[in-house]
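One-letter residues, chain by chain:
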Amino acid sequence: MSYRENISLTDNWRFRVDPDGIGLHNHWYADKLDSAREVKIPHTWNVEDGLEEYRGTAWYSYHLSVPSELEGKLLRLQFDAVYRDATVWLNGIRVGEHKYSGYTPFIIDITEAVQPGNHNILTVSVNNENSDQALPMSNSFDWADDGGIIRGVSLIITGATAIDYAKIIAKPEFEEASMTASRGTISGQIKLWDNGLPCDLLPTVHVNILYEDKLIASEAYPVHIENGCFDINEITIDQIKLWHFDHPHLYTLQLMLETDGTFTDELLIDVGFREITTEGSRLLLNREPVRLMGVEWMPGSNPHIGMAETVDDFIRTLEQIKNANCVITRFHWQQDSKLLDWCDRNGLLVQEEIPHWQQPDEPGDALLPVALQHAEAMITRHFNHPCIYAWGIGNEVNGQSEQTVAYMNKLKTHIERMDNTRFINYVSNSIHTVPSKDATGIGDLLMWNDYIGTWHGELDESEVIGRINAAYPDKPLTVAEYGLCEPAFEGGDPRRIQILKQKTEEYRKHEQIAALIFFSLNDYRTQMGEEGTGRLRQRVHGTTDVYGNPKPSYQALREIGSPITVKAERAQESEAIRLTLTVRNDIPSYSVSSYILKVMMAGSEWQSLFIPSLSPGEQWTIEWSEQGAARADDIYYEICRPTGFKVIEGSL
């Protein structure tokens, strides 16, 4: 039985733009907008004919049905994202607003304004005009500024005492000098929804922990509340399975809130036991030194969909990332929790970022409250995702400025109070100038957007990397962007492939470089793009086009990212087919286990074999007899990860 009802509000919304700014004066907030056209949420107007360049106010209206019996109920509306400034009314009553942050979720209590039945009018005004108070700031940012209710909306119904959010820590306990963890602990904090809980009604929390739908631990205890929060006592779990991008094991926490003998709320949270740390200049995942290959995707780029992507839409692109052998990524702005759910389940490491993007050039204290608003919403709502290994605090402002360094230091200190379990990083495009004074140095990882040869001019890349290493000998370096941007620079996809190959080969020589994130997976829609107009304005920067169609560079990325190389040959001393698999020991570099080799010969079915666990640099050879009339070009092979994503394929 569930004590929380979550109702998705998707269909039958009404929508109209307000270019003359008359909606507020004419009381549209109390209007059903029946004459307006019908749309489906998520929605953006900036991919529609005639509205592609519209930046201003628009209105949405929805007929909201609620249960007829409301006594003792708490009703909340959750908006997963509205770009950008939103004001919400219910039955003509202004119930809340959300400003300066178009990609973070927000929740509004509507209990006092709602009426039983289906006669409630929910109205939302949205404005996507440029702003010097919001992040991203003004019109400086390099992605689409699509306005609208761009992510889901839901009605949450619980008892009067309910959970706002929970921050759960799943910590593996490693044996000394070992990469194995036989047990782990789960602890955390629950924040109650602040609706005036009577001081004499102390709730009891019931914690059930499940793995693969089987109950493995259960605790129940009364809680002491302080500032609306209470701690979950440490719970020990034996024989844990670690979360890894190839083995994304998840545990489910069922949190049930009991108040005065009645269950009032329930929250299900997936967590993963994993440890991501540094040791000198090495990056360690679950105590194993790793060097990772990744790519960045710019969401909202399909001209028919824009930022109003559904779960199915972004799953198609996330599968492209994993099929390209990329296991790490970053996002310039906050993403949908459903997207992060997929990354949890399928193994994709994510850095999620506050969208400081090039502006202001030298951020100062006046902007700090907005940045902290972003950070708090991002961290409280996304804390439990094991896929998130780092929070990003900015991208390509003036990293050589003392004021920027001071600001990022201050912001990092605040964020550490919100989450001291993850890396906090600033992404720089200037560390190659004077490495020792750059703002990325305050981060837990060095993050460098490297455009030597294009935006950064002609420099000796090896010499630059050497200077960075000398300035920060005890910090791993991530190349957070590299690639080719057209039409700003010429050469097309052949040059993109050349840059990908040449730079990757150089990076592989430098052991301090722990991860590469190619930019970008896709050509992307952007309001500052150099090619196209309207909803087709874009930057041609990707290994796929804006519709997701692969270019030759996608296959090059996939081959470079493979953790395994294969040598296929016919043995000279016999007619046997011999496959020799070698695990890379540069970039990427990590152990492989439970990978599957599939082989098919002419006229036969696929044969599947488990590849033994192999460490970087190790080889494994297997042979097959030719068997009858099978010809050399009729033998096919492919290797798959434990998660099913294909690593490499070929024929002989």
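Residues numbered from 1 in each chain as written. Predicted model: local features only at pLDDT ≥ 70, side-chain atom pairs only at ≥ 80, totals over all residues. Heavy atoms only, no water.

This brings us to the side chain of T380. The residue T380 is located in helix α3 (residues 368-382) in this model. Polar contacts involving the side chain of T380 include one to the main-chain carbonyl oxygen of E376, which spans 2.6 Å. (Helix = DSSP H or I, 4+ residues; strand = E, 2+ residues; numbered from the N terminus. Polar contact = N/O pair within 3.5 Å; in protein donor to acceptor, adjacent residues only side chain to side chain.)

This paragraph deals with the sheet that holds strand β35 (residues 619-624). Strand order in the open sheet made by the 3 strands is β31-β32-β35, with antiparallel pairing throughout. Only two strands of the sheet have a single partner each, and these edge strands are β31 (564-570) and β35. Strand-to-strand twist across the sheet, computed as the mean angle between neighbouring axes with direction ignored, equals 15°. By the bridge criterion, 6 bridges tie strand β32 (residues 577-583) to β35 in an arrangement that is antiparallel. Residue pairing for β35: T580 is matched across the bridge by T621. (Pairing = 2+ DSSP bridges. Axes fitted to C-alpha atoms, helices over the stretch in contact; angles between N-to-C directions.)

The geometry of an aromatic ring pair is captured by two quantities: the separation of the ring centres and the angle between the planes. Per the stated rule, a full pass over the model turns up 23 aromatic pairs. A ring pair is formed by F141 and W143, whose centres lie 5.2 Å apart and whose planes are at 50°; its orientation type is tilted. Like F141, the residue W143 is buried in the burial classification. Centre to centre, the rings of W455 and F489 are 4.8 Å apart; their planes meet at 90°, and the pair counts as edge-to-face. With a gap of 34 residues between them, W455 in the loop between β26 (446-449) and α5 (461-471) and F489 in the loop between β27 (477-481) and α6 (492-508) connect regions that are remote in the sequence. Looking at W455, the relative accessible area reads 42%, which means it is partly exposed. Feature note: the residues W13, F15, W45, Y54, Y60 and Y62 constitute an aromatic cluster, connected by ring pairs. A cation over a ring is seen here: R76 above W193, with NZ or CZ 5.0 Å from the ring centre. Here the basic side chain of R422 rests over the ring of F383, its NZ or CZ set 5.3 Å away from the ring centre. (Phe/Tyr/Trp six-rings, centres within 6.5 Å; stacked < 30°, edge-to-face > 60°. Buried < 20%, exposed > 50% of the residue type's maximum accessible area, 1.4 Å probe, protein only. Lys NZ or Arg CZ within 6 Å of the ring centre and 35° of its normal.)

As a packed pair, α3 and helix α4 (residues 402-418) sit with axes 11 Å apart at the nearest point and diverge in direction by 30°. If you check the angle between α3 and α4, you find them roughly parallel. Crossing angle aside, the handedness with which α3 passes α4 is right-handed. Residues L368, A371, L372, A375, E376 and I379 of α3 lie in contact with α4, whose contacting residues are Y407, K410, L411, H414, I415 and M418. (Parallel < 35°, antiparallel > 145°, perpendicular 65-115°, else oblique. Left-handed = near helix turned anticlockwise from the far one by under 90°. Contact = heavy atoms within 4.5 Å.)

Let us look at the sheet that holds strand β8 (residues 106-109). Here we have 4 strands laid out as an open sheet, ordered β1-β10-β5-β8, and antiparallel in their pairing. Looking at the sheet topology across the chains shown, the edges are occupied by β1 (5-8) and β8. On average, each strand axis in the sheet is tilted by 25° relative to the strand beside it, whichever way the strands run.

For the rest of this paragraph, the subject is unusual backbone geometry. P487 follows E486 through a cis peptide bond whose omega is -5°. In this fold, P487 is placed in the loop between β27 and α6. Each neighbour pair has its own omega, and for F519 with S520 the value is 0°, a cis peptide bond. Tracing the chain through its elements places S520 in the loop between β28 (513-519) and β29 (524-525). Phi at L33 is positive, roughly 55°, even though this residue is not glycine. Along the polypeptide, L33 turns up in the loop between β2 (13-17) and β3 (37-39). Despite not being glycine, Q239 has its phi angle at roughly 55°, a positive value. Within the secondary structure, Q239 is located in the loop between β15 (229-238) and β16 (251-259). By relative accessible area, which is 72% here, Q239 ends up exposed.

In this section: α5. The complete set of buried residues in α5 reads E461, V464, I465, I468 and N469. One side of α5 carries all its buried residues, which in axial view fall inside an arc of 140°. Those residues of α5 hidden inside the fold are in contact with β26, β27, α6 and β28. Measuring from the backbone nitrogen of S462 back to the side-chain oxygen at the start of α5 gives 3.1 Å, which picks out D460 as the cap. (Arc of directions from axis to C-beta.)

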